[in-house]
Amino acid sequence: NTLLYGPGGLALDHTGAIYVTNYSGNSVTVYPQNANGNVAPIRTIAGPATGLDTPVEVTFDSSGKIYVVNRDGNSVTVYAANANGNVAPLHTIAGMNTLLHLPAGMALR
């Protein structure tokens, strides 16, 4: 039920919801604050429109936007705070000029 498939990065949003990157499943799954056991996610970001490519890290900005580091995609994808399903990112940081190569972490302040 959890839809965890190669979980990697983990972060809590301002409400305490638990966000997990699943590098083998090219997804981000979201669980309620007090999740315990074999719990289904309350939201999932997954599908070809998302641009997720081996996501390894997740974090948030002050407005709640979701930032995901994609190791094999050499990119950072940014989603709306309430993103769910096969949604396109609001922004994608990628390309030769970024010098991103197998990124593995991220921090915002």
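See above for the structure.
Keep in mind it's a predicted model, so treat the numbers as computed, not measured. (Residues numbered from 1 in each chain as written. Predicted model: local features only at pLDDT ≥ 70, side-chain atom pairs only at ≥ 80, totals over all residues. Heavy atoms only, no water.)

### Structural notes on the overall build of the chain
Selection rule: Going along the chain from the N terminus, every DSSP run of H or I of four or more residues is numbered as a helix, and every run of E of two or more is numbered as a strand. A radius of gyration in this sense is built from C-alpha atoms; the matching globule rule multiplies 2.2 Å by the number of residues raised to 0.38.
Within the chain one finds zero helices and eight strands. The order of helices and strands in the chain, counted from the N terminus, is β-β-β-β-β-β-β-β. Its C-alpha radius of gyration of 13 Å places the chain within 12% of the 13 Å reference for a compact globule of 109 residues. With respect to the principal axes defined by its C-alpha atoms, the chain has extents near 40 × 30 × 20 Å.

### So, the packing of aromatic side chains
Keep this limit in mind: Only centres within 6.5 Å qualify two rings of Phe, Tyr or Trp (six-membered ring in Trp) as a pair; their planes then separate them into stacked at under 30 degrees, edge-to-face at over 60, and tilted for everything else. Relative accessible area decides the class of each residue, using a 1.4 Å probe on protein chains only: under 20% of the type maximum gives buried, over 50% gives exposed, and in between gives partly exposed.
Scanning the model with the defined rule gives one aromatic pair in all. Between Y19 and F60, the aromatic rings sit 4.7 Å apart at their centres with planes inclined by 75 degrees, giving edge-to-face as the arrangement. You can see Y19 sitting in strand β2 (residues 18-22) and its partner F60 sitting in strand β5 (residues 55-60), a full 41 residues away along the chain. In this pair, the class of Y19 matches that of F60, namely buried.

### So, the pairing of β5
Going by this rule: A strand pair is defined by DSSP finding two or more bridges across the two strands.
Here β5 lies mainly inside the structure; five of its six residues are buried. By the bridge criterion, five bridges tie β5 to strand β6 (residues 66-70) in an arrangement that is antiparallel. The partner of P55 across the bridge, within β6, is N70. The turn linking β5 back onto β6 is made up of five residues, and G64 within it adopts a positive phi angle of 95 degrees.

### Looking at the environment of N36
Mapped onto the elements of the fold, N36 is located in the loop between β3 (27-31) and β4 (43-46). The exposure class assigned to N36 is exposed, which follows from its relative accessible area of 69%. C-alpha of N36 to C-alpha of N86: the two residues are 50 residues apart in sequence and 26 Å apart in space.

### With respect to the sheet that holds β5
Our working definition: A fitted line through C-alpha atoms serves as each axis, taken over the contacting stretch for helices, and the angle formed by two N-to-C directions is quoted from 0 to 180°.
With antiparallel pairing, four strands are arranged side by side in an open sheet as β5-β6-β7-β8. Taken across any chain shown, the strands that pair with only one partner, and hence form the sheet edges, are β5 and β8 (91-94). For this sheet, the mean angle separating the axes of adjacent strands, direction not counted, is 20 degrees. Examined bridge by bridge, β6 and strand β7 (residues 75-79) share five bridges and lie antiparallel to one another. By the bridge assignment for β7, V69 is matched with V76.

### Considerations on the environment of A81
To keep it simple, the criterion reads: Should any heavy atoms of two residues lie within 4.5 Å, those residues are counted as being in contact.
Inspection of the secondary structure assignment puts A81 in the loop between β7 and β8. The exposure class of A81 is partly exposed, given its relative accessible area of 36%. Through-space distance from the C-alpha of A81 to that of T59 is 11 Å; in sequence the pair is 22 residues apart. Each residue touching A81, except ones within four places of it in the same chain, is listed here: Y19, R43, S63, G64, K65 and I66.

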